[in-house]
Amino acid sequence: ENDMLKSGLSSLPATRIGSFHKCRRLIQKSGSPVQMSSNGPEKKMEALKLEGKAPGETDYANYFCTYSFLYHQKEMLEDHKRTGAYYQAIMSNRRQFKDKVVLDVGAGSGILSIFAAKAGAKKVYAVEATSVAADARKLIAHNKLDNVIEVVQGTIESIELPEKVDIIVSEWMGYFLLRESMLDSVLVARDKFLKPGGAMYPSHANIYMAPIRTHMATQKLNELHNGMEGWSEFMQEMRDFYQVDMGCLTEPFRKEQKEYYLHTSQWMNVHPQQLLGSPACFKKYDLHKLTLEELQAPLKEQFVMHVADGGPVEGFTGYFDVLFNGSEENPADCDVKLSTAPDPTGATHWGQQVFYLQPPLECAPNDSIIASIEVTRKPENHRLLRVNMLVKVDGTSTFAQQSQQPRALRYNID
């Protein structure tokens with residue numbers, strides 16, 4: 001369990017890692033986040049009715065725990081591109097929400113439920129799996145909306161509602177859209193609770209990739225070399241101080257370091273001037289039609305990235321957008337898009353994922369990169385991802401002519 005918890009930390013901004021360590025301390029102190037008895041749920045840390053089942057202990061440590069802290073909820077709410085897009089999508093479509101029944105999946109602080117109630121919903125079910133549900137109840141009551149919003153604590157897979165809903169709202173997106181695998185739970189909610197013709201907010205999602213220039217690829221390689229130099233010094237100290245030869249672990253250590261520095265994507269605030277060509281949209285999702293089986297299967301696509309400015313291409317940046325268009329039967333009056341694309345005004349809290357190329361991929365202006373991608377879930381932690389790519393330069397340049405065989409790349413999105 002501790003190894004799985006550590007595996008989720010490598011690509012998070014530093015401010016997020018502290019929450020994970022708090023999670024581990026809580027679990028070590030209490031045994032589990034929520035203890036379930038045969039007579040019903042019992043919460044050790046505070047008395048709070050639990051209408052559904054708590055997350056499993058390992059999944060709580062790997063994923064849910066960080067969302068139970070108001071510190072983390074505040075961090076997300078302060079992302080005004082994110083929060084503002086949801087506010088606009090709901091409040092600009094009051095006609096769609098008026099007198100409707102709404103389900104908020106993964107409600108957190110309850111902010112989306114509050115927006116829905118303010119837009120005129122007659123009933124909102126705010127489903128939240130963690131103890132932050134207590135804070136949501138307090139916030140909702142303080143804003144005098146507890147007559148409309150009912151907070152339901154428990155995983156969406158385990159709860160039952162007394163009625164079907166007209167609209168599902170959820171902020172489920174992770175890095176590279178799919179990390180965290182929360183969309184699974186949203187589709188479960190859709191299949192269980194959404195009326196025929198009901199609307200998903202957001203309704204569509206797209207994933208993009210583009211070639212970029214970045215000095216960080218070289219920096220990561222230098223950090224790998226520095227790490228190995230540090231290992232050599234460490235081995236010498238172990239011999240001098242303790243007469244222990246650590247040399248047999250050099251290759252395992254090197255493999256571990258290469259996995260992190262060369263084969264793990266990184267969070268980055270990419271500036272548009274780093275783009276070497278237009279982004280390619282390689283995957284589109286219609287959340288009204290997407291099935292759980294399709295989502296959980298490996299994502300396999302082929303696409304082309306045009307390199308207008310020429311190389312060297314030192315990495316690829318991956319990001320997403322989501323659209324709030326309503327459903328075919330109940331379309332939105334005002335379509336809204338939340339984008340995580342490189343932006344000169346700064347990134348959302350999702351930033352972009354960057355996949356470094358070492359060595360860089362040489363390209364001439366107007367060459368193209370033919371790419372195939374496969375995205376799968378890690379078997380040891382289904383909320384983390386593996387990315388495998390094959391890339392080849394195409395065009396009339398010398399670089400394209402020399403690119404006879406596709407180059408294989410692999411990355412972890414941890």
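Up top you'll find the structure we're talking about.
Quick summary incoming for the structure in this document. (Residues numbered from 1 in each chain as written. Predicted model: local features only at pLDDT ≥ 70, side-chain atom pairs only at ≥ 80, totals over all residues. Heavy atoms only, no water.)

When its secondary structure is counted, the chain shows 13 helices and 17 strands. The burial tally for the chain puts 55% of its 414 residues in the buried class. (Helix = DSSP H or I, 4+ residues; strand = E, 2+ residues; numbered from the N terminus. Buried < 20%, exposed > 50% of the residue type's maximum accessible area, 1.4 Å probe, protein only.)

Burial of strand S6 (residues 165-170) is extensive: 6 of the 6 residues sit out of reach of the surface. Pairing of strand S3 (residues 101-105) with S6, which is carried by 4 bridges, proceeds in the parallel orientation. Residue pairing across strands places Leu 103 opposite Ile 168, the latter belonging to S6. Of the pairings in the sheet, the one linking S6 to strand S7 (residues 194-201) comprises 4 bridges and is parallel in character. Residue pairing in the sheet places Ile 168 in a bridge with Met 200 of S7. Each parallel crossover has a hand, and the one from S6 via helix H9 (residues 183-193) to S7 is right-handed. (Pairing = 2+ DSSP bridges. Right-handed = clockwise from strand over helix to strand, strands pointing away.)

To continue, consider the packing of helix H10 (residues 216-242) against helix H11 (residues 250-263). Packing of H10 against H11 brings their axes to within 10 Å, and their N-to-C directions diverge by 155°. Here H11 runs roughly antiparallel to H10, going by the angle between their axes. In terms of crossing hand, the pair formed by H10 and H11 is right-handed. Residues Lys 220, Leu 221, Glu 223, Leu 224, Gly 227, Met 228, Trp 231 and Met 235 of H10 pack against Thr 250, Phe 253, Arg 254, Gln 257, Lys 258, Tyr 260, Tyr 261 and Leu 262 of H11. Residues of the contact of H10 with H11, tallied by class, amount to 9 nonpolar, 3 polar and 4 charged. (Axes fitted to C-alpha atoms, helices over the stretch in contact; angles between N-to-C directions. Parallel < 35°, antiparallel > 145°, perpendicular 65-115°, else oblique. Left-handed = near helix turned anticlockwise from the far one by under 90°. Contact = heavy atoms within 4.5 Å. Nonpolar A, V, L, I, M, F, W, Y, C, P; charged D, E, K, R; others polar.)

Moving on, we get to the environment of Ala 408. Here Ala 408 is to be found in strand S17 (residues 407-413). Sequence separation of Ala 408 and Met 389 is 19 residues, and the distance between their C-alpha atoms is 5.8 Å. With near-sequence residues (within four places) excluded, Ala 408 lies in contact with Met 389 and Leu 390.

What follows concerns the sheet that holds S3. Overall, parallel pairing links the 5 strands, which are arranged S5-S4-S3-S6-S7 in an open sheet. Of all strands in the sheet, those bounded by a partner on one side alone are strand S5 (149-153) and S7. For this sheet, the mean angle separating the axes of adjacent strands, direction not counted, is 20°. Alignment of strand S4 (residues 123-128) against S5, held across 5 bridges, turns out to be parallel. If you follow Ala 126 over to S5, its bridge partner there is Val 151. Those strands touched by helix H7 (residues 111-118) are S3, S4, S5 and S6, and its axis lies near 175° from that of S4.

Okay, the packing of aromatic side chains next. Considering all chains together, one arrives at 14 aromatic pairs under this definition. An angle of 45° between the planes, with centres 5.1 Å apart, marks the rings of Trp 231 and Phe 234 as tilted. With Trp 231 and Phe 234 both in helix H10 and 3 residues apart, the pair spans about one turn of that helix. Taking 6.2 Å as the distance between ring centres and 85° as the angle between the ring planes, the aromatic pair formed by Phe 241 and Tyr 242 counts as edge-to-face. Of the two residues examined, Phe 241 and Tyr 242, each falls in the exposed class. Taken together through their ring pairs, the aromatic side chains of Phe 176, Phe 282, Phe 303, Phe 355 and Tyr 411 make up a single cluster. (Phe/Tyr/Trp six-rings, centres within 6.5 Å; stacked < 30°, edge-to-face > 60°.)

Attention shifts here to the packing of helix H5 (residues 80-91) against H7. Here H5 crosses H7 at 25°, and the two axes come no closer than 9 Å. Taken together, the axis directions place H5 and H7 in an arrangement best described as roughly parallel. Where H5 crosses over H7, the two elements pack in a sense that is right-handed. Across the interface between the two elements, Thr 83, Tyr 86, Tyr 87, Ile 90 and Met 91 of H5 pack against Leu 112, Phe 115, Ala 116 and Lys 118 of H7.

Our focus in this paragraph is unusual backbone geometry. Residue Pro 202 follows Tyr 201 across a cis peptide bond; omega there is 5°. For Pro 202, the position within the fold is in the loop between S7 and strand S8 (204-212). Going from Gln 358 to Pro 359, the amide bond is cis rather than trans, its omega being 5°. We note that Lys 144 has phi near 60°; this positive angle belongs to a residue other than glycine. Residue Asn 366 is not a glycine yet carries a positive backbone phi of 75°. Topologically, Asn 366 is positioned in the loop between strand S14 (352-361) and strand S15 (367-378).

Strand order across the open sheet formed by 4 strands is S11-S15-S16-S17, with antiparallel pairing between neighbours. Edge positions in the open sheet fall to strand S11 (299-307) and S17, since each of these has one partner strand only. Put simply, the sheet's adjacent strands are angled 25° from each other on average, direction ignored. Relative to S17, strand S16 (residues 381-394) runs antiparallel, the two being bridged by 7 bridges. If you follow Asn 388 over to S17, its bridge partner there is Arg 410.

With 94 residues, the main nonpolar core has Leu 103, Phe 176, Leu 177, Met 209, Phe 316, Ile 373 and Met 389 as its most contacted residues. It is H7 that provides the largest number of residues to this core, a total of 6 residues. (Core = buried A, V, L, I, M, F, W, Y, C linked by side-chain atoms within 4.5 Å.)

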